[in-house]
Amino acid sequence: MDQRGSCHGKSSGADDASLQTKWIPGVNSQKKQMCFDWGPGEMLVCETSFNKKEKSEMVAGCPFIHIIRKDIDVYSKILRKLFNESHGIFVGLQRIEEELTGKSRKAQLVRVSKNYRSVIRACMEEMHQFAVADKDSAIGRQFSSQVSILSAMELIWNLCEILFIEVAPAGPLLLYLLDWVRLHVCEVDSLSADVLGSENPSKHESFWNLVTTLVLQGRLDEARQMLSKEADSNPTSAGMCRVLGDLMRTMPILSPGNTQTLTELELRWQHWHEECERHLQDGTFASNPHLESLCKVLLGDDAALLEHKELLSNWYHFLVTRLLYSQPTVKPMDLHLYAQSSLDLFLGGESSPEPLDNILMAAFEFDIHQVIKECSIALSNWWFVAHLTDLLDHCKLLQSHNLYFGSNMREFLLLEYASGLFAHHSLWQLGVDYCDHCPELGRVSLELHIERIPLTTEQKALKVLRVCEQRQMTEQVRSICKVLAMKAVRNNRLGSALSWSIRAKDAAFATLVSDRFLRDYCERGCFSDLDLIDNLGPAMMLSDRLTFLGKYREFHRLYGEKCFVDAASLLLSLMTSQIAPRSFWMTLLTDALPLLEQKQVIFSAEQTYELLRCLEDLTSGRPLCGEPDAQQLQDDDIETTKVEILRLALARNLARSIIKEGSLEGS
């Protein structure tokens, strides 16, 4: 059986080529049908014997229920660092003051973008180290694949930063694009180290490849230095090297601190271009094919550039080199024309564009929504599109784009990303903040996800509760407390169960736990969790049974402190107010015995009459049973003995109290 969907279960409108097949181990789809059920972050899959058409064969099936997770990247230790660190950047971005406008706001947004990119790069470098360490294993290959994905993510983000956040104008735009290419096509640095580390660099087999690559990346100062080494070791080409070096040195480029206008730059560049062409036509470099080829590159000749296709490595490098030497003042609105032609020339009809090519092309076309759509299809999780969309939304670039079901694109992507975080045992805390910053649907989404967090430990439960209480999520607080109270009861932790039921304000459950406390007292003769019961305070008013438990414990405390009169009054009030469960009356009357036997008269005559009335109500209300067994007869004998002892003690106390009260009246 195969489960079809795009990367890790995200649905998309892509064709079948962009979809992945997930094979379920041990499942024979030819013999058995499958049933499945979607959850918020995963899908359960199992075999079923159901078959509409014919009776299914009785063959051994797969006895397992498989869990297919949607966002498996949250379980990668290295990528968790990406999620954790980017969370701080995201929260900081939400706090950027709205009143900041113009350059100050733009500078802050660019800084945020660079911070995101630095986190991607740090994660990529760490992943690369693991890939190198385990290069021959399956894990190593998985790390290498992840490095490629992270590299593509930074490449796309960097381009979006240049085009949508920096909004670089003509002139500076090319400088940004040059930096973009240099950052992401960095093989030249290792090549330079190899060549310069040799005894005679100009004789190194990769010397001219290095010089050409430096020119292709616009690193002309370094290229001139390499040419000087060729001039020193080969006097016959020294003059040609000097001429080509001068052409490189005099090439007009709009530097950041330069005040010249674009018109002035275009004029200077046109004169320089004509001088390069004159040297080529005059045959200045005819005797040296390498130098002649470099001069053609400086002229921006497409054929000459494509001769170095292997050194360019990709079409967007070809694009930037082409612009540098043919259209240095290209306007942003014209970029897509050069990008499309560069892609077509570079591929030459031999292959189709990759997903990355489509994303970059959409960016060059300034189609933000297409960039986000293509990234959602191609990338393995929602991290990239969620954070990029949020940043672009802060740049006021997505305000007009609402989805058909009422939410805006920013919220939809952030909540999809957050749903993956909630599936993780610790990253769920990050997901809470993402929901908090989605004003339309964030609250509803948080309520749905928070109830599904497994409360594996009490510490985790307290964290979840704190989140709910801070946001006045009353129903979720009550639900979580009930779950924890039930767990505590099952584990016979009555104190914890009572604490959770009080926190949930659940009167019925508090009554149940109070009954367990009282039953436990009857069996053991003492209370557990005295600190909790002694400090119930106003919480004891949650239910009558809880009130009785608290007051009954107070009776024992008064008795222990030898406050016999107060203890007796409290005991009597518990019985006469009907707050005590009838099943507990005999225990209360038994507790009165020591007070009845005190030398000092504790109960007054009126109080003694009340106790007698309670005893008679209890004995007269006992149900009549059928034929009793031996154990019941024994229990009845004990009860009868208790009743007789109580009657005797009450009669004696009544006589003593009447004598005492009569003598007081006579005096």
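Residues numbered from 1 in each chain as written. Predicted model: local features only at pLDDT ≥ 70, side-chain atom pairs only at ≥ 80, totals over all residues. Heavy atoms only, no water.

The protein chain has the name Nuclear pore complex protein Nup85 in an unreviewed UniProt entry, where Bos mutus is given as its organism. As recorded by UniProt, the Subunit (unreviewed entry) comment attached to the protein chain reads in full: "Component of the nuclear pore complex (NPC)." Taken verbatim from the UniProt record of the protein chain, the Subcellular location (unreviewed entry) comment is "Nucleus, Nuclear pore complex". (UniProt positions renumbered as here; feature names shortened; annotations may be inferred.)

## A few points about the state of the cysteines
Per the counting criterion, the structure on display carries 0 disulfides. No disulfide involves Cys375; its sulfur sits 6.8 Å from that of Cys160, the nearest cysteine. Looking at the unpaired Cys481, the closest cysteine sulfur is the one in Cys468, lying at 9.0 Å. (Disulfide = S-S within 2.5 Å.)

## Things to note about the nonpolar core
Note that soluble globular proteins tend to have their nonpolar side chains buried in a common cluster. Ranked by internal contacts, the top residues of the largest apolar core, which has 188 residues, are Trp180 and Phe364. Top contributing element to this core by residue count: helix 3 (residues 138–166), with 13 residues. Each residue touching Trp180, except ones within four places of it in the same chain, is listed here: Leu155, Asn158, Leu159, Ile162, Tyr316, Val320, Leu360 and Phe364. (Core = buried A, V, L, I, M, F, W, Y, C linked by side-chain atoms within 4.5 Å. Buried < 20%, exposed > 50% of the residue type's maximum accessible area, 1.4 Å probe, protein only. Helix = DSSP H or I, 4+ residues; strand = E, 2+ residues; numbered from the N terminus. Contact = heavy atoms within 4.5 Å.)

## What about the packing of aromatic side chains?
Within this structure, the stated rule accounts for 17 aromatic pairs. When the ring of Trp180 is compared with that of Tyr316, the centres are 5.3 Å apart and the planes differ by 40°; the resulting orientation is tilted. Pair noted here: Trp180 is in helix 4 (residues 172–184) and Tyr316 is in helix 13 (residues 315–326), with a separation of 136 residues, a long-range link. Accessibility assignment for this pair places Trp180 and Tyr316 in one class, buried. An aromatic cluster is defined as three or more aromatic residues linked by ring pairs; in this entry it consists of Phe83, Phe90, Tyr417 and Tyr434. The positively charged end of Lys309 is found above the aromatic ring belonging to Phe346, 5.1 Å away from the centroid. (Phe/Tyr/Trp six-rings, centres within 6.5 Å; stacked < 30°, edge-to-face > 60°. Lys NZ or Arg CZ within 6 Å of the ring centre and 35° of its normal.)

## With respect to the confidence of the model for the protein chain
Residues of the protein chain with pLDDT of at least 70 account for 82%, and the chain-wide mean is 81. Within the model, the stretch residues 1–19 combines pLDDT values under 50 with 46 contacts to residues more than four positions away or in other chains. Predicted confidence is poor over residues 623–630, with pLDDT under 50, and the contacts of this stretch with residues over four places away or in other chains come to 2 contacts. (pLDDT = per-residue confidence, 0-100.)

## Observations concerning helix 18 (residues 409–422)
A rise of 1.5 Å per residue sets the reference length of helix 18, with its 14 residues, at 20 Å; its end C-alpha atoms lie 20 Å apart and thus fit the reference within 8%. With 12 of its 14 residues buried, helix 18 lies for the most part within the structure. Turning to helix 18, its buried residues number three or more, namely Met409, Arg410, Glu411, Leu413, Leu414, Leu415, Tyr417, Ala418, Ser419, Gly420, Leu421 and Phe422. As for helix 18, its buried residues are in contact with helix 1 (77–94), helix 16 (368–378), helix 17 (383–394), helix 19 (428–436) and helix 20 (442–450). N-cap assignment for helix 18: the residue whose side-chain oxygen lies 3.2 Å from the backbone N of Arg410 is Asn408. (Expected span 1.5 Å × (residues − 1). Polar contact = N/O pair within 3.5 Å; in protein donor to acceptor, adjacent residues only side chain to side chain.)

## Topic: unusual backbone geometry
Backbone geometry at Val167 places phi at a positive 50°, although glycine is not the residue there. Residue placement: Val167 occurs in the loop between helix 3 and helix 4. Within the chain, Lys396 stands out as a residue other than glycine whose phi angle is a positive 65°. Among the structural elements, Lys396 can be located in the loop between helix 17 and helix 18.

## Focus: the environment of Glu639
The topology assignment puts Glu639 in helix 30 (residues 630–666). Of the residues examined, Glu639 reaches a relative accessible area of 23% and is grouped as partly exposed. Here the alpha-carbon distance between Glu639 and Thr619, two residues 20 residues apart in the chain, equals 9.6 Å.

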